[in-house]
Amino acid sequence: MATEGPCNMPKPGVFDFGNKAKQDARKETARQNHVARLSSLSSSKASSQGKHGADEKAQESKNILVSSEDGITKITFNRPAKKNAISLQMYFDIMLALKNASTDNSVITVFTVLLRRISVMCHHPWSRRTGDYYSSGNDLKNSINDAGEIQDIAISAKRLREFVDCFIDFPKPLVAVVNGPAVGIAVTLLGLFDAVYASDRCNVSYSIHPSRSDLGSLLFLYVSKDNGLRQEAAEMLLFGKKLTAREAWAQGLVTEVFPESTFETEVWTRLKTYAKLPPNAMRVSKELIRKHEKQKLHTVNAEECAAIRERLPIEEYTNALRNFLSRKAKL
Ligand SMILES: CCCCC/C=C/CC(=O)SCCNC(=O)CCNC(=O)[C@H](O)C(C)(C)COP(=O)(O)OP(=O)(O)OC[C@H]1O[C@@H](n2cnc3c(N)ncnc32)[C@H](O)[C@@H]1OP(=O)(O)O
């Protein structure tokens, strides 16, 4: 891989991970090992997958499960022990899953959390229960090593930008089935879905993490664009106020709130019906609805990731990280 000389290569497309990784490596020679790891992951997985049908199992990775059935590609968080915190590997797995879903035969793409079955001794011998969290957001270990030193900021910030870009550009209807609390980047992303269905046990919040207001402004842009500046959103973004599912609905972040007891049945019945609608009409409608805001979202995303890259090394942030990791601080 070339690491010197001018970069005359054309800018790769948002889903063109191979070329993006190569360009990263040219600019970040000091970080080549890290980039190479991500690049090799991309090429090995991409080459083993290609196009696939909506009724086939599409992708296996430990913490992100992907499956397709009934015209729906489901991307499922499966890291309950860490409250579905999103590691660098998971960012990558999700981007790959979105890339595949954008060209597979499915009609709708859905993000959700793996349901865990627990034994209960009350009315039913088995009761379904959701994983605790939809997602606790960015894995706070992504940018700090075991010695407590900040690491890989440029790469993480770039990866984050590419990750959010994938959501902004995703061409098919994208739905979030949120059956537990969502934090940080997982909340920001909600603004980029076409529909967000939440159970009444869900809540949304940003953390004590000082970067929340950076990434939050994407969400803020979305929430406030038709309604003027919304003070409730500012309370969440600036002061870390936790919103209930119904408050998030009132903010326009959630499409509909369902009782937990009927959530799964109602939502999946509805989604299966939607998946029978004409796919091309939905794609064209989505393109028309999103066309005018897309460029603005890309611009804000780029600005925010640049801000994160600059702010991450400051003491306020590093202290917050160390406090969380030494169990002195939580949400
Ligand atoms: C380049 C960088 C880009 C930065 C981009 C920024 C994006 C915005 C964000 O998303 S920042 C992250 C925001 N999220 C948080 O701040 C949540 C932090 N977590 C908590 O506050 C709590 O864990 C909790 C309230 C979500 C749950 O508390 P609870 O007491 O129920 O559970 P534990 O704290 O014991 O958690 C269980 C294990 O999970 C690990 N964990 C939870 N969240 C994260 C996380 N975001 N990152 C890493 N690890 C997380 C926790 O450490 C426990 O692990 P352990 O059992 O091994 O100790």
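Residues numbered from 1 in each chain as written. Predicted model: local features only at pLDDT ≥ 70, side-chain atom pairs only at ≥ 80, totals over all residues. Heavy atoms only, no water.

## Remarks on the packing of helix H3 (residues 88–103) against helix H4 (residues 153–169)
Here is step 1 of the chain: Orientation of H3 relative to H4, taken along the N-to-C sense of each, is 30°, at an axis distance of 10 Å. Judged on the interaxial angle alone, H4 and H3 are roughly parallel. Every pair of crossing elements has a handedness; the one defined by H3 and H4 is left-handed. Across the interface between the two elements, Leu88, Tyr91, Phe92, Ile94, Met95 and Leu98 from H3 touch Ser156, Arg159, Leu160, Glu162, Phe163, Cys166 and Phe167 from H4.
Here is step 2 of the chain: Considering only residue class, the contact of H3 with H4 consists of 10 nonpolar, one polar and two charged. (Axes fitted to C-alpha atoms, helices over the stretch in contact; angles between N-to-C directions. Helix = DSSP H or I, 4+ residues; strand = E, 2+ residues; numbered from the N terminus. Parallel < 35°, antiparallel > 145°, perpendicular 65-115°, else oblique. Left-handed = near helix turned anticlockwise from the far one by under 90°. Contact = heavy atoms within 4.5 Å. Nonpolar A, V, L, I, M, F, W, Y, C, P; charged D, E, K, R; others polar.)

## Focus on the sheet that holds strand E8 (residues 182–183)
Two orientations exist for strands paired in a sheet by backbone hydrogen bonds: parallel and antiparallel.
Here is step 1 of the chain: Taken in spatial order, the three strands make up an open sheet running E8-E10-E11, and their pairing is mixed. Edge positions in the open sheet fall to E8 and strand E11 (243–244), since each of these has one partner strand only.
Here is step 2 of the chain: By the bridge criterion, two bridges tie E8 to strand E10 (residues 203–205) in an arrangement that is parallel. Directly across from Ala182, in E10, lies its bridge partner Val204. (Pairing = 2+ DSSP bridges.)

## So, the pairing of strand E7 (residues 174–178)
Here is step 1 of the chain: Among the five residues of E7, five are classified as buried, and the element is accordingly described as predominantly covered.
Here is step 2 of the chain: Burial along E7 is two-sided: Leu174, Ala176 and Val178 facing one way and Val175 and Val177 facing the other are all buried.
Here is step 3 of the chain: Relative to E7, strand E4 (residues 108–113) runs parallel, the two being bridged by three bridges. Residue Phe111 lies in a different strand from E7, and its bridge partner there is Ala176.
Here is step 4 of the chain: Relative to strand E9 (residues 195–199), E7 runs parallel, the two sharing four bridges. If you follow Ala176 over to E9, its bridge partner there is Val196. (Buried < 20%, exposed > 50% of the residue type's maximum accessible area, 1.4 Å probe, protein only.)

## What about the nonpolar core?
Here is step 1 of the chain: Among the nonpolar cores identified, the biggest contains 57 residues, and Phe111, Tyr134, Phe167, Phe193 and Val204 are the most heavily contacted of them.
Here is step 2 of the chain: Here the element with the most residues in this core is H3; it accounts for nine residues.
Here is step 3 of the chain: The contact partners of Phe193, leaving out residues within four places of it in the chain, are Phe111, Tyr134, Phe167, Leu174, Val175, Ala176 and Arg290.
Here is step 4 of the chain: Within the second largest apolar cluster, 15 residues are counted, among which are Ile72, Val177, Phe258 and Leu271. (Core = buried A, V, L, I, M, F, W, Y, C linked by side-chain atoms within 4.5 Å.)

## A short note on the packing of aromatic side chains
The geometry of two aromatic rings is summed up by the distance between their centres and the angle between their planes.
Here is step 1 of the chain: Taken as a whole and judged by the stated rule, the model has nine aromatic pairs.
Here is step 2 of the chain: Ring plane angle 85° and centroid distance 5.4 Å describe the contact between Phe77 and Tyr134, whose orientation is recorded as edge-to-face. Of the two residues, Phe77 is situated in strand E3 (residues 72–77) and Tyr134 in the loop between strand E6 (126–130) and H4; the sequence distance between them amounts to 57 residues.
Here is step 3 of the chain: Ring plane angle 65° and centroid distance 5.8 Å describe the contact between Phe167 and Phe193, whose orientation is recorded as edge-to-face. With Phe167 in helix H4 and Phe193 in the loop between helix H5 (185–190) and E9, the pair connects residues that are 26 residues apart, well separated along the chain. Here Phe167 and Phe193 have matching classes, each one buried.
Here is step 4 of the chain: Clustering of aromatic rings is evident, with ring pairs tying together Phe77, Tyr91, Phe111, Tyr134, Phe163, Phe167 and Phe193.
Here is step 5 of the chain: The ring of Trp268 carries Lys74 above its face, with NZ or CZ at 4.7 Å from the centroid. (Phe/Tyr/Trp six-rings, centres within 6.5 Å; stacked < 30°, edge-to-face > 60°. Lys NZ or Arg CZ within 6 Å of the ring centre and 35° of its normal.)

## Quick look at H3
Since the α-helix advances by 3.6 residues per turn, residues separated by three or four positions end up pointing in the same direction.
Here is step 1 of the chain: A rise of 1.5 Å per residue sets the reference length of H3, with its 16 residues, at 22 Å; its end C-alpha atoms lie 24 Å apart and thus fit the reference within 8%.
Here is step 2 of the chain: Within H3, 13 of the 16 residues are buried, leaving the element largely enclosed by the surrounding structure. (Expected span 1.5 Å × (residues − 1).)

## Quick look at unusual backbone geometry
Working note: non-glycine residues mostly have negative phi, and peptide bonds are mostly trans.
Here is step 1 of the chain: Despite not being glycine, Asp70 shows a phi value in the positive range, around 55°.
Here is step 2 of the chain: Take Asp70: it is sitting in the loop between strand E2 (64–69) and E3.
Here is step 3 of the chain: When its relative accessible area of 42% is taken as the criterion, Asp70 is described as partly exposed.

## Details of the pattern of salt bridges
Side chains carrying opposite charge are able to pair once their charged atoms draw close together.
Here is step 1 of the chain: For the coordinates displayed, the defined rule picks out 13 salt bridges.
Here is step 2 of the chain: With its nearest N and O atoms 3.3 Å apart, the salt bridge here joins Arg290 to Asp194. Taken together, the positions of Arg290 in helix H10 (residues 279–311) and Asp194 in the loop between H5 and E9 put the pair 96 residues apart, joining distant regions of the chain.
Here is step 3 of the chain: Given a relative accessible area of 9%, Arg290 falls into the buried group.
Here is step 4 of the chain: Residue class for Asp194 comes out partly exposed when judged on its relative accessible area of 33%. (Salt bridge = Lys/Arg side-chain N within 4 Å of Asp/Glu carboxyl O.)

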